[in-house]
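# Notes for the structure review
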Amino acid sequence: MSGVDLGMPTFPDAAHRAVRDAQLRHNLGRATSTIRNKRAAVVDELDDWEQLRASGAAIKAHTLSRLDTYLERFESAVTAAGGTVHWARDAAEANRIVTELVRETGETEAVKVKSMATQEIGLNEALASAGISAWETDLAELIVQLDEDRPSHILVPAIHRNRSEIREIFRREMSGSGAPAPADLTDDPVQLAEAARHHLREKFLRANVAISGANFAVAETGSLVVVESEGNGRMCLTMPDNLISVVGIEKLVPSWRDLEVFLQLLPRSSTGERMNPYTSVLSGVTEEDGPSNFHVVLLDNGRSEALADEVGSQALRCIRCSACLNVCPVYERAGGHAYGSVYPGPIGAVLTPQLYGVESEDTASLPYASTLCGACYDVCPVAIEIPELLVHLRHRTTRERKGWFDRLTGTAMRGLGWVFGDSKRLGRAQRIASLGGRLFGRRGIGRLPWPMSRWTDARDAPAPASESFRQWWERNRTGSGDER
Ligand code: SF4
């Protein structure tokens, strides 16, 4: 895989700036703690949560192990139901297919359901360069689009904005692309929602093309499942005559029955609800009901390569619930933009380097954006071992990258491995280190000179203990076996 430069600062640089933004930290802390608490309450209601979680993980792992079979089954079912399946190897191919499909309708605009896959491929920008306007209809996506901002959360893309900031965005930007915000708009959530509804309504009524993603794609029936909270998705899926859905190949589940598991796991993990307010299922084309032209673009864009990585492929189980973001202490302080990708937080730190490769500095920095505390694994509804993946990708980063610092780190780690691999060597190293401990005393080392300053710029370097545990043991316990 060739490395892709996301064109963003590396995580340490971006996070360094973000943590100084007190308003951002306040907005994030408040929003994530609210969702976190809601999730915890509804998960606690279920006695069989761990079994559900294990089932979700097993279904996803099984599907990924036979993905080729299920993809072909899905294609046959969609075709039999009157839809058309297109295969896209990468973002450019997917964008080209969607652009051509919209052009064939003769339309120059489309309404969109919130979709991570279309953000991943930069579809809105590709359509705009072809003269096609794509209107986001999810409230948070609308806020981000109006402000020409970037999403910072999987589920709540405008989580970094508070109510008064949103009011300003609406007042400033809405008139540029449709119905303006009322002049006396306040930051009351009801008024803000009403302004968005009014702005979007004319777009829904006019639209002849809709673009969506899907939460799940059922191989057995060729159905797409879209879950959402606002009803905008239902409008997009049912009102326009043309529907184009861009779906990552990992979204497959084998059968209709599997949804029973995921439709319990997803709402509880994402919005902290027992079920989603809107669950729309589209199974092909039906006369005089819903779209008469239905296209599914199955997107690879690095997923096949991720699938080939025995450890890393776990990340493809992700159902984009965002629970791991809401519990991550790094995400809560640095925010989503610091990850430089549409996939922020712990899942972004393991998915983005796999989709785009670890050759560039920005993607290679992501597996280090974690304290490895494990909270992400604890809440993940499909039990992805994110800490294990982070360590695996750190290893890959030092192995595959050719920069001087990566070579230095690799050499240092191999040296440490050699020392830790033999108890005599380790004992000698500890004795030498304890001399340093006596030298520095309680002050600690502080800042090391370059190039080790790349380590100590971001963390304290404590002084080694003036006595190792082995030395202490020899001094206190040798010869007094029963004291153990
Ligand atoms: S990794 Fe797990 S917790 Fe995080 S978004 Fe994906 S499914 Fe949700």
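In this text the structure is predicted, and so the values were computed from the model without any measurement.

Calculation notes
Residues numbered from 1 in each chain as written. Predicted model: local features only at pLDDT ≥ 70, side-chain atom pairs only at ≥ 80, totals over all residues. Heavy atoms only, no water. Helix = DSSP H or I, 4+ residues; strand = E, 2+ residues; numbered from the N terminus. Rg over C-alpha atoms; globule rule 2.2 N^0.38 Å. Buried < 20%, exposed > 50% of the residue type's maximum accessible area, 1.4 Å probe, protein only. Contact = heavy atoms within 4.5 Å. Areas by Shrake-Rupley, 256 points an atom, 1.4 Å probe, with all protein chains shown as cover. Lys, Arg positive; Asp, Glu negative; His and termini not counted. Charge placed at Lys NZ, Arg CZ, Asp CG, Glu CD. Near = heavy atom within 4 Å. Nonpolar A, V, L, I, M, F, W, Y, C, P; charged D, E, K, R; others polar. Pairing = 2+ DSSP bridges. Axes fitted to C-alpha atoms, helices over the stretch in contact; angles between N-to-C directions. Expected span 1.5 Å × (residues − 1). Arc of directions from axis to C-beta. Parallel < 35°, antiparallel > 145°, perpendicular 65-115°, else oblique. Left-handed = near helix turned anticlockwise from the far one by under 90°. Patch = residues over 30% accessible without salt bridge, like charges linked within 9 Å, V, L, I, M, F, W, Y side chains within 5 Å. Salt bridge = Lys/Arg side-chain N within 4 Å of Asp/Glu carboxyl O. Polar contact = N/O pair within 3.5 Å; in protein donor to acceptor, adjacent residues only side chain to side chain. pLDDT = per-residue confidence, 0-100.

### What about the overall build of the protein chain?
Summing up its helical and strand segments, the protein chain has 23 helices and ten strands in all. Over its C-alpha trace the protein chain gives a radius of gyration of 25 Å, about what one expects of a compact globule, namely 23 Å for 484 residues. For the protein chain, with 484 residues in total, the buried portion stands at 52%. Contacts in the protein chain between residues far apart in sequence, at least 24 positions, make up 75% of those at least 6 positions apart. With an accessible surface of roughly 23,100 Å², the protein chain has 52% of that area assigned to carbon and sulfur atoms. A gap of 10 Å separates the mean positions of the 56 positive and 64 negative side-chain charges of the protein chain.

### Topic: the site of the ligand
Taken together, Cys 318, Ile 319, Arg 320, Cys 321, Ser 322, Cys 324, Ile 347, Cys 380, Pro 381, Val 382, Ile 384 and Ile 386 form the complete shell of residues around the ligand. The residue makeup of the shell around the ligand, split by class, is ten nonpolar, one polar and one charged.

### What to know about the pairing of strand β10 (residues 293-299)
Walk down a regular strand and you will see the side chains alternate between the two sheet faces. Counted residue by residue, β10 has six buried out of seven residues, so it is predominantly covered. With seven bridges connecting them, strand β7 (residues 242-248) and β10 associate as parallel partners. Its bridge partner being in β10, Leu 243 is matched across the sheet by Phe 294.

### As for the sheet that holds β10
Pairing is parallel across the open sheet formed by six strands, whose spatial order is β1-β10-β7-β4-β2-β3. In the strand order of this sheet, the two ends are held by β1 (84-88) and β3 (133-136), each with one partner. Going across the sheet, the axis of each strand differs from the next one's by a mean of 25 degrees, ignoring polarity. Where helix α5 (residues 91-105) meets the sheet, its contacts fall on β1, β4 (209-212), β7 and β10, and the angle it forms with β1 comes to roughly 145 degrees.

### Let's talk about unusual backbone geometry
Its identity is not glycine, yet Glu 148 carries a phi of approximately 50 degrees, on the positive side. Looking at where Glu 148 falls in the secondary structure, it is placed in the loop between α8 (139-146) and α9 (163-173). With a phi angle near 60 degrees, Glu 288 is a residue other than glycine that sits in the positive phi range. Mapped onto the secondary structure, Glu 288 falls in the loop between β9 (278-282) and β10.

### Some words on helix α3 (residues 49-65)
Relative to the 24 Å expected for 17 residues at 1.5 Å per residue, α3 spans 24 Å between its end C-alpha atoms, a close match to the ideal helical length. Those residues of α3 that sit buried are Trp 49, Leu 52, Arg 53, Gly 56, Ala 57, Ile 59, Lys 60, Thr 63 and Leu 64. The buried residues of α3 occupy an angular sector of 160 degrees when the element is viewed end-on, so they sit on one face. Exposed and oriented more than 90 degrees from the buried face of α3 are Gln 51 and Ser 65. Residues of α3 that are buried sit in contact with α2 (22-44), α4 (67-80), β8 (252-253), α12 (259-270), α13 (303-307) and α18 (375-379).

### A few points about the packing of α8 against α9
Contact geometry of α8 with α9 gives a least axis separation of 10 Å together with a crossing angle of 60 degrees. Put simply, α8 runs oblique to α9. As α8 runs across α9, the sense of the crossing is left-handed. Note on element contacts: α9 touches α8 through Ile 166, Ile 169, Phe 170 and Glu 173, opposite Leu 139, Ile 143 and Leu 146. Taken together, the residues that form the contact of α8 with α9 break down as six nonpolar, no polar and one charged.

### Structural notes on a positive patch on the surface
On the surface, a cluster of positive charge is contributed by Lys 424, Arg 428, Arg 431 and Arg 470. Secondary-structure assignment places Lys 424 in helix α21 (residues 423-440).

### As for the side chain of Arg 53
Summarising the element assignment, Arg 53 is placed in helix α3. Looking at Arg 53, its side chain comes within polar contact range of the side chain of Glu 50, at 3.1 Å. For Arg 53, the contacting residues outside a window of four places in its chain are Leu 265, Tyr 377, Asp 378, Val 379, Cys 380, Pro 381, Val 382 and Ala 383.

### As for the pattern of salt bridges
Between side chains of opposite charge, a pair can form when the charged atoms approach closely. With the rule as written, the count across this model stands at 22 salt bridges. Its salt-bridge partner being Asp 149, residue Arg 161 comes within 3.5 Å of it at the nearest N-O pair. Of this pair, Arg 161 sits in the loop between α8 and α9 while Asp 149 sits in the loop between α8 and α9, and the two are twelve residues apart along the sequence. The salt bridge involving Arg 167 is made with Glu 168; its shortest N-O contact spans 3.4 Å. One network of salt bridges, in which partners are shared, links Asp 147, Asp 149, Arg 161, Glu 165, Arg 172 and Glu 173.

### Topic: a nonpolar patch on the surface
On the surface, Trp 404, Leu 408 and Trp 450 cluster together to form a nonpolar patch covering roughly 370 Å² of accessible area. Mapped onto the fold, Trp 450 is located in the loop between α21 and α22 (453-456).

### Considering the confidence of the model for the protein chain
Overall, the predicted model of the protein chain reaches an average pLDDT of 92, with 96% of residues at or above 70. In the model, residues 1-5 has pLDDT below 50 throughout and makes 17 contacts with residues more than four positions away in sequence or in other chains.

### Topic: the sheet that holds β9
Ordered in space as β8-β5-β6-β9, the four strands form an open sheet in which the pairing is mixed. The outermost strands of the open sheet, each flanked by one partner alone, are β8 and β9. Sheet topology places strand β6 (residues 223-228) next to β9; five bridges connect them, and they run antiparallel. Counterpart to Leu 224 in the pairing with β9 is Leu 282. Running at roughly 170 degrees to strand β5 (residues 216-218), α12 makes contact with β5, β6, β8 and β9 of the sheet.

### Quick look at helix α19 (residues 386-400)
Counted at 1.5 Å a residue, the expected span for α19 with its 15 residues is 21 Å, and the 20 Å between its end C-alpha atoms agrees. Of the residues making up α19, those classed as buried are Ile 386, Pro 387, Leu 389, Leu 390, His 392, Leu 393, Arg 394, Arg 396 and Thr 397.

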